[in-house]
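An overview of the molecular structure
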Amino acid sequence: MRVPLSWLREYVDLPATETGRDVQAKLISAGLEVETVEPLGADLKGPLVVGQVLTIEELTEFKKPIRFCTVAVGTANGTGEPQEIVCGARNFAVGDKVVVVLPGAVLPGNFAIAARKTYGKTSHGMICSGDELGMGDDGSGGIIVLPPEVEVGTDAIELLQLVDEVLDIAVTPDRGYALSMRGVARETAIAYGLPLRDPALLDVPAPNAFGYPVQVSDPMGCDRFTARTVTGLDPDAHSPIWLRRRLQKAGMRPISLAVDITNYVMLELGQPLHAYDRSRVQGTIGVRRAEQGEKLTTLDGVKRTLNAEDLVITDDRGPIGLAGVMGGANTEIDDTEGTTTEVVVEAAHFDAISIARTARRHKLASEASKRFERGVDPQAASAAAQRTVDLLVLLAGGTADAGVTEVIAPSAPHSITIPANHPDKVAGVDYGRETVVRRLQQVGCDVYGQDELIVTVPSWRPDLTDPNDLAEEVIRLEGYENLPSTLPKPPAGLGLTDRQRLHRRVGRALAGAGYVESPNYPFMGEQVLDQFGLADDDPNRKVVKLVNPLSDEEPALRTTLLPGLLQALRRNDGRGSHDLALFETGLVFHPRAELRIAGRLPVDRRPTDEEIASLTAALPVQPRHAAVVLAGAREQAGWWGKGRPADWADAIEAARILAREAGTELLVRSGQYGPWHPGRCAELSVVVDGTQRVVGHAGELHPRVLKALGLPARTCAMELDLDALEEASSGHPKGPKISTFPVATQDVALVVDKAVPHADVEAALREGAGELLESIRLFDEYESEQLGGDRKSLAYALRFRADDRTLTVDEASAARDAAVALAAERTGAVLRGA
């Protein structure tokens, strides 16, 4: 909302010395976001005067049309003689009043004006357009042509109100009243402790039976509709300079007198209005829901197909406007033909949610919808209609019709019961009852009661719905800067939880292994689960959907970290970074079996344990996961040798890193799941309470998934459940035991069937070797025709060590033989060469 300071002074008697910066500081202290103060005409220097074109000589010998003009400027040039000026514009004629800048003046942008020779003539000044004066778009697209009644020689700086300050306010969704001069003036008056001249306090005639007929079929969507008629309008009347300039300063383009007046009143009172050409409206004006598939061409020339939820304005032919959003082209006031002499003025109040949905559905945001969806004062409709009628009578020479139509759905004012000390408890400051009552009354509330206050909120503040809203009003008007800063005192000895420590260790370990953290938004679209190839009954397909998502393409909370990570990998690969190793740790979300509604926690005290537990029970299940994705080279090539591309083994090793940080043993075996290649996918498991539990998968992604997501070839990924790792761990990780005795290494090569997983062989060797086994490592896998087409050889290095002695060869060999024997019993393994 752009607020000209000169306009604001009409409603509040600000001290003459107050600048835009001073007002900005006051409004920011009161809770409004005043982003900038734009000085208009700060670098403008006269003489800038009104002139009258006397003669025009067309200079035709140049590539573009040039005109040599003589312009009367009165005594502004010191001689009283006509001023000779060269101009290329063609939207003015002899006798027109124009704006002339004389030599010695400076225009916005530090553009100095001097007499200069051009096109074979000497130009003593310049005939100005709106852009050259910093006025913005005035709709003419050329030289400013002033009304004929303006006197020659008049100071144009004052006439066009070129010097001003404009406050640009970012209005938050809960403060729709601030999208009007009336609302900002009220906040300014409160901030300065000055009286407000409310522009909505007008004498409005009572409704009668002679007004234009209106039928409201949906009182829930439209609870108030005011219609007024003005006849005898002068079709040639134009908006006066003061009206056009105020619209321009507020960021709106002047269009025509009737439209400019409705826009002006909307900016002044915050009530959107619409003016219909009465000769184009057929029969009763109605308000109803659209029929599915109905058509309407809006004022922007777009033919729209309506939805059954859209609220529309109709006449006997059908829809003539999208209620609260934009009017229809078939009842538009067309000033190009100059035939509109009678208008019907609409001032209505529509349901905020309905208007917001319609505007988004049709991708048609307008000044009207922006106000309706934030909340418009329903009591201001009659005053806005009266103000519009008054201006049409004053500026267009019209006559106000005696008929007044008002359709009103009965409604009671909203009242809130609040303890008088409630704002004190919320802010931790002793305001006292007198201050609370005074501040609420300044906002516009009616307050009754002593210790228990009954507060009736004003019609222009639909955002005030409960005691905490009222407390916020008191606190912001008393000044957020006056709230004491008190540091909380946490109890000693708590520190980080085990879950938090594991989370930090995991992040450090993956970063140390060469991965780059890539946090992503916790949202996803369900179509990615189809691209992953998940089964229809997969638990990850059960998602928690958001009521108001940031993006319609990602309306659900993620059940896996991979969509966001893979999207980040694709984006970086597309921008030239081809060797990538990314990781993320974060929450995933699964719906609970029983849907519960979360209650509202109090703000004046600490919630009880029962209240917190009830809130937690209503939230989705939120386990913490860790995931990595890899593409390109894992080891770079250089003078030291060849590089190595990332493969499935790197993804599995990332999982082993996490398991080591959690202090648990990770079981790895061949698996098959979702987006992973069925022949290059590892199933990751841990043992929890004696039961083996799958906690994730790792490996190379399926080519079908890579194609669907636009990923590089041979992209690999890993994801596992960190909470499950923590549950399976034996507590805090312990440092390794250090023995001073030497290690005994024994190598074994076992021949097994190809179908036997390496994990089963390793588990048998580990169990059979007993306590003397320090570590086991697979260092070779071999296949040949000599072994048989369905056989493979797995070679392991077994390290044995005792804590209290040096092992003999016999002891190490016995442990190795026991390990081989158990492996042979469980997997059918045979010593190679035996």
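Summary of the structure given here. (Residues numbered from 1 in each chain as written. Predicted model: local features only at pLDDT ≥ 70, side-chain atom pairs only at ≥ 80, totals over all residues. Heavy atoms only, no water.)

A separate point is the overall build of the protein. Assigned secondary structure in the protein consists of 21 helices and 42 strands. Whereas a compact globule of 834 residues would reach a radius of gyration of roughly 28 Å, the protein reaches 39 Å, over 25% beyond that. C-alpha atoms of the protein, sized along the principal axes, occupy 125 × 80 × 55 Å. Looking at the protein residue by residue over its 834 residues, the buried ones come to 47%. Of the contacts made within the protein by residues no fewer than 6 positions apart, 70% connect residues no fewer than 24 positions apart. When the 89 positive and 119 negative side-chain charges of the protein are each reduced to one mean point, those points stand 4 Å apart. (Helix = DSSP H or I, 4+ residues; strand = E, 2+ residues; numbered from the N terminus. Rg over C-alpha atoms; globule rule 2.2 N^0.38 Å. Buried < 20%, exposed > 50% of the residue type's maximum accessible area, 1.4 Å probe, protein only. Contact = heavy atoms within 4.5 Å. Lys, Arg positive; Asp, Glu negative; His and termini not counted. Charge placed at Lys NZ, Arg CZ, Asp CG, Glu CD.)

So, about the nonpolar core. Soluble globular proteins: nonpolar side chains tend toward being buried together. Formed by 53 residues in total, the largest nonpolar core has its most connected members in Val 3, Leu 8, Val 23, Leu 27, Ile 169, Val 265 and Leu 392. With sequence-adjacent residues up to four places away left out, Leu 8 is seen in contact with Val 3, Leu 14, Val 23, Met 181, Val 184, Ala 185 and Thr 188. Counting 32 residues, the second largest nonpolar core, distinct from the first, contains Val 506, Leu 658, Ala 682 and Leu 725. (Core = buried A, V, L, I, M, F, W, Y, C linked by side-chain atoms within 4.5 Å.)

For the rest of this paragraph, the subject is the sheet that holds strand β32 (residues 624-631). The strand order across the open sheet built from 7 strands is β28-β31-β32-β38-β37-β36-β35, with neighbouring strands paired in mixed fashion. At either end of the open sheet lies a strand with only one pairing partner, and these are β28 (516-517) and β35 (667-670). Examined bridge by bridge, strand β37 (residues 691-701) and strand β38 (residues 716-721) share 5 bridges and lie antiparallel to one another. Bridge pairing in β38 links His 697 to Glu 719. (Pairing = 2+ DSSP bridges.)

Attention now moves to the pairing of β38. For β38, the buried fraction is high: 6 of the 6 residues fall into the buried class. Across the two faces of β38 the burial is the same, with Cys 716, Met 718 and Leu 720 and Ala 717, Glu 719 and Asp 721 all buried. Examined bridge by bridge, β32 and β38 share 6 bridges and lie antiparallel to one another. Looking at β38, one finds that His 625 is bridged to Asp 721.

A few words now on the pairing of strand β41 (residues 791-800). Where burial is concerned, most of β41 is hidden: 9 out of the 10 residues are buried. Relative to β41, strand β39 (residues 744-753) is paired through 10 bridges, and the arrangement is antiparallel. Bridge pairing in β41 places Val 752 opposite Lys 792. As judged from the 8 bridges shared by strand β40 (residues 773-782) and β41, these two strands associate in the antiparallel manner. What sits directly across from Glu 781, in β41, is Leu 794.

A few words now on helix α11 (residues 433-443). Buried residues of α11: Thr 435, Val 436, Val 437, Arg 439, Leu 440 and Val 443, and no others. Buried positions along α11 lie against α4 (181-192), α10 (422-427), β26 (446-448), β27 (452-456) and α12 (467-478).

To continue, consider unusual backbone geometry. Within the chain, Tyr 119 stands out as a residue other than glycine whose phi angle is a positive 55°. Non-glycine residue Lys 363 carries a positive phi angle of around 50°. Assignment of secondary structure puts Lys 363 in the loop between α7 (352-361) and α8 (367-372). With relative accessibility at 75%, the residue Lys 363 sits in the exposed group.

This brings us to the sheet that holds strand β20 (residues 311-315). Here 5 strands make up an open sheet; going across it, the order is β14-β17-β20-β21-β22 and the pairing mixed. Where the open sheet ends on each side, the last strands, each with one partner, are β14 (214-216) and β22 (326-327). Pairing analysis gives 4 bridges linking strand β17 (residues 285-289) to β20, with the strands arranged antiparallel. By the bridge assignment, Val 287 is partnered in β20 with Ile 313.

Turning next to the side chain of Asp 463. As for its position among the elements, Asp 463 is in the loop between β27 and α12. Polar side-chain contacts of Asp 463 include one of 2.9 Å to the side chain of Arg 461. Those residues within four positions of Asp 463 in sequence are excluded, and the remaining contacts are Asp 174 and Asp 469. (Polar contact = N/O pair within 3.5 Å; in protein donor to acceptor, adjacent residues only side chain to side chain.)

Where helix α6 (residues 257-269) meets helix α9 (residues 381-396), the closest approach of the two axes is 10 Å, and the angle between their N-to-C directions is 140°. In this view, α6 runs oblique relative to α9, as classed from their interaxial angle. Judged by the twist between their axes, the crossing of α6 over α9 is right-handed. Between α6, through Leu 257, Ala 258, Ile 261, Thr 262, Tyr 264, Val 265, Glu 268 and Leu 269, and α9, the contact on the second element is made entirely by Ala 383, Ala 384, Arg 387, Thr 388, Leu 391, Leu 392, Leu 395 and Ala 396. Classifying every residue of the contact of α6 with α9 by side-chain character gives 12 nonpolar, 2 polar and 2 charged. (Axes fitted to C-alpha atoms, helices over the stretch in contact; angles between N-to-C directions. Parallel < 35°, antiparallel > 145°, perpendicular 65-115°, else oblique. Left-handed = near helix turned anticlockwise from the far one by under 90°. Nonpolar A, V, L, I, M, F, W, Y, C, P; charged D, E, K, R; others polar.)

So, about the packing of helix α20 (residues 758-769) against helix α21 (residues 809-827). Any two packed helices are characterised by the angle at which their axes cross and by the distance between the axes. At their nearest, the axes of α20 and α21 sit 7 Å apart, and the two run at 140° to each other. The pairing of α20 with α21 is recorded here as oblique in orientation. The handedness of the crossing between α20 and α21 is right-handed. On the side of α20, the interface is formed by Asp 760, Val 761, Ala 764, Leu 765, Glu 767, Gly 768 and Ala 769, while α21 contributes Ala 815, Ala 818, Ala 819, Val 820, Leu 822, Ala 823, Arg 826 and Thr 827. Among the residues making up the contact of α20 with α21, the classes are represented as 10 nonpolar, 2 polar and 3 charged.

In the structure shown here, the tally under the stated rule is 57 salt bridges. Measuring nitrogen to oxygen at the nearest pair gives 2.7 Å for the salt bridge that ties Arg 317 to Asp 315. With a relative accessible area of 40%, Arg 317 lands in the partly exposed category. Taking the shortest distance from any N to any O, the salt bridge between Asp 498 and Arg 501 comes out at 3.4 Å. With Asp 498 and Arg 501 both in helix α13 (residues 498-512) and 3 residues apart, the pair spans about one turn of that helix. With a relative accessible area of 43%, Asp 498 lands in the partly exposed category. Via salt bridges that share partners, Arg 175, Glu 187, Arg 461, Asp 463, Glu 472, Glu 473 and Arg 476 belong to a single interconnected network. (Salt bridge = Lys/Arg side-chain N within 4 Å of Asp/Glu carboxyl O.)

The next thing to look at is the packing of aromatic side chains. Taken as a whole, this structure holds 7 aromatic pairs when the rule is applied. Here Trp 242 and Tyr 264 contribute two aromatic rings whose centre-to-centre distance is 5.5 Å and whose plane-to-plane angle is 80°, an arrangement assigned as edge-to-face. Separated by 22 residues along the polypeptide, Trp 242 in helix α5 (residues 241-249) and Tyr 264 in helix α6 bring together distant segments of the chain. We classify Trp 242 as partly exposed; its relative accessible area is 29%. Looking at Tyr 264, the relative accessible area reads 1%, which means it is buried. Considering the side-chain rings of Tyr 521 and Phe 523, the 6.4 Å spacing of their centres and the 20° angle between planes classify their relative orientation as stacked. For Tyr 521, a relative accessible area of 66% gives the class exposed. Three or more aromatic residues joined by ring pairs form one cluster here, namely Trp 7, Trp 242 and Tyr 264. For the cation-ring pair, Lys 26 lies above Tyr 192, with the distance from its terminal atom to the ring centre recorded as 5.2 Å. (Phe/Tyr/Trp six-rings, centres within 6.5 Å; stacked < 30°, edge-to-face > 60°. Lys NZ or Arg CZ within 6 Å of the ring centre and 35° of its normal.)

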